[in-house]
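Structure at a glance
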Amino acid sequence: MKIFSGTSNRPLAEKIAINLGLKLSDIEVFIFPDGEKRIRILDKVTGEDCVVVQSTSNPTDENYMELFFIVDGLKRSGAKSITAIVPYFGYQRQDHVFREGEAVSANVIAKILDALKVDKLIIVEPHSRKTKDAFTIPVLYLSALSLFVKTIKEVGGSGTLVSPDMGGIVRIKQLSESLENMPYAVIEKNRDLSTGRVSGSHIEGSINKNVFIVDDMISSGGTIEMAAKLLYKNGAENIYVFATHPVFSGNAPKVLQESLVKKIYVTDTIFVPKEKIFPKLGILSVAKMIAEQLKM
Ligand code: R5P
């Protein structure tokens, strides 16, 4: 097996390779003065099972193009099979038409990966279980929930799991089952589609003084900020957050650091640069889990 990495999350790709006892294979990413990229596969891959690791986080479009070009380069160089590991699958939230006239971006990406004849796609914690429906190629979901179970037990174990929106209900139920039926509650969240601002005033279910908010991703931090305020108003004292993907757009790190939350755990599906690290942040790694999957 040969493992290649795009430029979006090389540290994760390196950790996956180490877990497999391998080294990353060589690739050249040349950037022309106008920003276009030329990808060249430098290792021999004829007849090899190849893996490409590329998170399609910001800059999403650039990272997708790199992924497409790497896949094409591998195909042309004679790879026997290509597994694309896209730990964070960009555009997944736009998986249907919310308002008349909108494009369904997730479906467009699926069509391209289908057309490139990727043999298998692995995504960590998809926004919706329906993400794979847009593809004809096999899509496998991995989940960071097992990492969260372990950390919740280490943090103290008892409390209430909270989903900050109705969309997270399946996730929270799964987690509850893995934590001996820990009670859970759900916040009724509303998002203004033109401004992106979130609001929430009602919690479905009762809460304990220890709460564990669980979400698939944190982008602006607005959802967590809103949820923490509402939970605090309703008696929560120790608020912890578990979110798989640290999208961290704009000034999210500042919003999160200044929020009522004690600690925020994310994973390394998206690389968090030094300037976005803040004291309340903890990063768990999905590398071992991905490597285990590749061994199967
Ligand atoms: C929304 O449905 C997602 O599950 C997240 O709650 C959302 O994307 C977080 O975004 P933000 O941090 O901007 O509120």
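Up top is the structure these notes are about.
In this text, all values refer to a predicted model and were calculated from it rather than measured experimentally.

1. Topic: the pattern of salt bridges
In total, this model carries 14 salt bridges according to the counting rule given. A salt bridge links Asp-49 to Lys-80; the nearest nitrogen and oxygen atoms lie 3.8 Å apart. One end of the pair, Asp-49, is in strand 4 (residues 49–53); the other, Lys-80, is in the loop between helix 2 (60–76) and strand 5 (81–86), with 31 residues separating them in the sequence. Taking the relative accessible area as the measure of exposure, Asp-49 reaches 34% and is therefore partly exposed. One salt bridge connects Lys-150 with Glu-154, and the closest N-O pair in it is separated by 3.6 Å. Of the two residues, Lys-150 and Glu-154 are both situated in helix 4 (residues 145–155); the distance of four residues between them amounts to about one turn of the helix. Glu-154 shares its class with Lys-150; the two are exposed. Linked through salt bridges whose partners overlap, the residues forming this network are Lys-37, Glu-62 and Glu-66.

2. Describing the sheet that holds strand 6 (residues 120–124)
Strands sit in the order 1-4-5-6-7 across an open sheet of five strands; the sheet is parallel. Single-partner strands in this sheet number two, and they are strand 1 (2–5) and strand 7 (139–142). The mean angle between the axes of side-by-side strands here comes to 20°, regardless of whether they run parallel or antiparallel. Relative to strand 7, strand 6 runs parallel, the two sharing four bridges. In the strand pairing of strand 7, Leu-121 is matched with Val-139. On top of the sheet, helix 8 (residues 287–295) reaches strand 4, strand 5, strand 6 and strand 7; it is set at about 155° to strand 6, its chief contact.

What counts as what
Residues numbered from 1 in each chain as written. Predicted model: local features only at pLDDT ≥ 70, side-chain atom pairs only at ≥ 80, totals over all residues. Heavy atoms only, no water. Salt bridge = Lys/Arg side-chain N within 4 Å of Asp/Glu carboxyl O. Helix = DSSP H or I, 4+ residues; strand = E, 2+ residues; numbered from the N terminus. Buried < 20%, exposed > 50% of the residue type's maximum accessible area, 1.4 Å probe, protein only. Pairing = 2+ DSSP bridges. Axes fitted to C-alpha atoms, helices over the stretch in contact; angles between N-to-C directions. Contact = heavy atoms within 4.5 Å.

As far as function goes, none of this settles anything; it's purely spatial.
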